[in-house]
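Descriptive analysis of the structure
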Amino acid sequence: SQQGEEDPQALSIQEGENATMNCSYKTSINNLQWYRQNSGRGLVHLILIRSNEREKHSGRLRVTLDTSKKSSSLLITASRAADTASYFCATRRTMDSNYQLIWGAGTKLIIKP
Amino acid sequence: GAGVSQSPSNKVTEKGKDVELRCDPISGHTALYWYRQSLGQGLEFLIYFQGNSAPDKSGLPSDRFSAERTGGSVSTLTIQRTQQEDSAVYLCASIKGARTEAFFGQGTRLTVV
């Protein structure tokens with residue numbers, strides 16, 4: 001079953017605005033990862049944040065992790081039309097001894113020019 | 001190659017025919033996943049290979065689906081007697097280690113007519 005749940009399911013904003021997407025999960029995790037998917041093809045890894053980290057930055061991306069609330073957020077600052085894509089979170093659960101990733105259903109982000 | 005390679009990129013087949021989808025993971029990556037994604041939906045886990053362990057086949061939707069991973073490298077997903085509901089994008093991903101990110105291929109878009 002899916003552990004991660006993203007919200008909102010869809011988000012439409014003007015170019016230049018900031019976009020925030022959230023991910024909630026149910027069980028203890030080792031790490032949480034965010035991915036982007038353009039046009040229904042392969043996913044591209046964006047950021048991995050470990051359970052002992054609270055915040056991580058990569059360019060215009062900022063990810064936070066709150067393990068007490070079992071949630072994470074992905075912030076894209078100064079959005080561009082090229083950021084239009086679907087964004088997925090995935091978790092690696094502490095309970096799993098293998099490499100399994102548990103995926104959310106994704107947030108569809110549309111940046112209007 | 002440098003990334004995960006999937007072939008074919010697109011496949012149109014007649015209902016009832018068998019199809020084989022191929023995934024060539026990144027060299028040295030010990031874990032390999034197959035996912036299915038219907039239009040506008042999230043990732044549906046199909047099967048997972050890790051090293052020499054028995055594969056996790058819990059996501060295969062029916063006995064028409066099977067997968068192999070030969071020599072710990074290339075994997076083939078076979079769908080027998082294809083049905084229209086099998087139409088989707090089939091994604092392959094490989095992972096190097098338990099706490100690292102997944103690398104995806106560009107997927108195979110399967111259309112059953």
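Now for a quick tour of the structure. Residues take numbers from 1 onward in each chain, read along the sequence in its written order. Whichever chain is written first is A, and whichever ligand is written first is 1; the rest continue in order. Residues qualify for local features only when their pLDDT is at least 70, as the model is predicted, and side-chain atom pairs are given and counted only at 80 or more; totals for whole chains, interfaces and linings, by contrast, use all residues. Water and hydrogen atoms play no part in the side-chain values, which are based on all heavy atoms of the structure.

Observations regarding the overall build of chain B
Strands here mean DSSP runs of E at least two residues long; helices mean DSSP runs of H or I at least four residues long; both are numbered from the N terminus. When you go through chain B residue by residue, the secondary structure sums to 0 helices and 10 strands. Mapped from its N terminus to its C terminus, chain B presents α and β elements in the order β-β-β-β-β-β-β-β-β-β. Scaling as 2.2 N^0.38, a compact globule of 113 residues should have a C-alpha radius of gyration of about 13 Å, and chain B matches this with 13 Å. The C-alpha extent of chain B, read off along each of the three principal axes, is 40 × 25 × 25 Å. A burial count over chain B gives 46% of its 113 residues as buried. Contacts are assigned to residue pairs with any non-hydrogen atoms lying within 4.5 Å of each other. Within chain B, contacts between residues separated by at least 24 positions form 53% of all contacts whose residues are at least 6 apart in sequence. Areas reported here follow the Shrake-Rupley algorithm with a probe of radius 1.4 Å; residue values treat only the protein chains shown as occluding. On chain B, roughly 5500 Å² of surface is accessible, and the fraction owed to carbon and sulfur atoms is 45%. Only four residue types enter the charge count: Lys and Arg as positive, Asp and Glu as negative, with His and the chain ends excluded. Here the site of a charge means NZ on Lys, CZ on Arg, CG on Asp, or CD on Glu. Distance between charge centroids for chain B: 2 Å, based on 12 positive and 11 negative side chains. Each radius of gyration reported is based on C-alpha atoms, and the globular scaling rule is 2.2 Å times the count of residues to the power 0.38. Working definition: with a 1.4 Å probe on protein chains only, accessible area under 20% of the residue-type maximum means buried, over 50% means exposed, and in between means partly exposed.

Details of the interface of chain A and chain B
The interface is formed by 22 residues belonging to chain A together with 30 residues belonging to chain B. As a working definition, buried area equals the accessible area (1.4 Å probe) given up by two parts on being put together, with both sides summed. Carbon and sulfur atoms make up 47% of the area that chain A and chain B hide from each other, which totals about 2000 Å². By the criterion of area lost to chain B, the three top residues of chain A are R41, Y99 and Q100 of chain A, representing 38% of everything that side buries. Here, a salt bridge means any Lys or Arg side-chain nitrogen found within 4 Å of an Asp or Glu carboxyl oxygen. Our count for the contact surface shared by chain A and chain B stands at 0 salt bridges. Definition of a polar contact: a pair of N or O atoms within 3.5 Å, with one able to donate and the other able to accept a hydrogen when the atoms are protein atoms, and with sequence-neighbouring residues admitted only if both atoms are side-chain atoms. Between the two partners, chain A and chain B, sit 9 residue pairs in polar contact (both at pLDDT 80 or more). Looking at the side of chain A that touches chain B, the elements that each hand over two or more residues are β4 (29–37), β5 (43–50) and β9 (85–93) of chain A. A per-element tally of the side of chain A that touches chain B places β4 of chain A first, with 5 residues. Under this grouping Gly is polar, as are all residues other than the nonpolar Ala, Val, Leu, Ile, Met, Phe, Trp, Tyr, Cys and Pro and the charged Asp, Glu, Lys and Arg. Considering only residue class, the side of chain A that touches chain B consists of 8 nonpolar, 11 polar and 3 charged.

Points about the pattern of salt bridges
Residue and element names in this part refer to chain B. If you walk through the whole model with that rule in mind, you get 6 salt bridges over all chains. Linking D24 and R22 is a salt bridge whose minimum nitrogen-to-oxygen distance equals 3.7 Å. Here E44 ties to R36 by a salt bridge, and the two come within 3.0 Å at their closest N and O atoms. For E44, a relative accessible area of 31% translates into the label partly exposed.

Quick word on the side chain of Q50 of chain B
Residue and element names in this part refer to chain B. Assignment of secondary structure puts Q50 in strand β5 (residues 44–50). On the accessibility criterion, Q50 (18% relative accessible area) is buried. A polar contact is formed between the side chain of Q50 and the side chain of Y48, at a distance of 2.3 Å.

Some points on the packing of aromatic side chains
Think of it this way: a Phe, Tyr or Trp ring, Trp meaning its six-membered ring, pairs with another when their centres are within 6.5 Å, and the plane angle makes it stacked under 30 degrees, edge-to-face over 60, tilted otherwise. Under the criterion given, the structure shown has 8 aromatic pairs over all chains. Taken together, a centroid distance of 4.9 Å and an interplanar angle of 55° make the contact between Y35 of chain A and W103 of chain A tilted. Separated by 68 residues along the polypeptide, Y35 of chain A in strand β4 and W103 of chain A in strand β10 (residues 102–103) bring together distant segments of the chain. Taking relative accessible area as the criterion, Y35 of chain A reaches 0% and is therefore assigned buried. A relative accessible area of 2% places W103 of chain A in the buried class. With a centroid separation of 6.0 Å and 80° between ring planes, the pair formed by Y35 of chain A and F104 of chain B is classed as edge-to-face. Here Y35 of chain A is found in strand β4, whereas its partner F104 of chain B is found in strand β9 (residues 102–104) on a different chain. By the burial criterion, Y35 of chain A is buried, and F104 of chain B matches it. Chaining the aromatic ring pairs together yields one cluster made of Y35 and W103 of chain A together with Y33, Y35, F45, Y48 and F104 of chain B.

Concerning the layout of surface pockets
Of the two site types, the cavity is a set of points on a 1 Å grid over the protein atoms alone where a 1.4 Å probe fits but cannot get out, and the pocket is an open set with protein on both sides within 12 Å along at least five of seven lines, each lined by residues with an atom within 4 Å of a point. Grid points are joined across faces, edges and corners, and a volume is the space filled by probe spheres set on the points. Of the pockets and cavities examined, the largest pocket occupies roughly 530 Å³. As for the largest pocket, its lining consists of 26 residues, and the residues nearest its centre are S86 of chain A together with Q37, L39, G40 and Q41 of chain B. Among the residues forming the lining of the largest pocket, the class breakdown is 8 nonpolar, 15 polar and 3 charged.

A word on the environment of S27 of chain B
Take S27 of chain B: it is sitting in the loop between β3 (19–24) and β4 (31–37). Separated by 37 residues in the primary sequence, S27 of chain B and R64 of chain B have C-alpha atoms spaced 29 Å apart.

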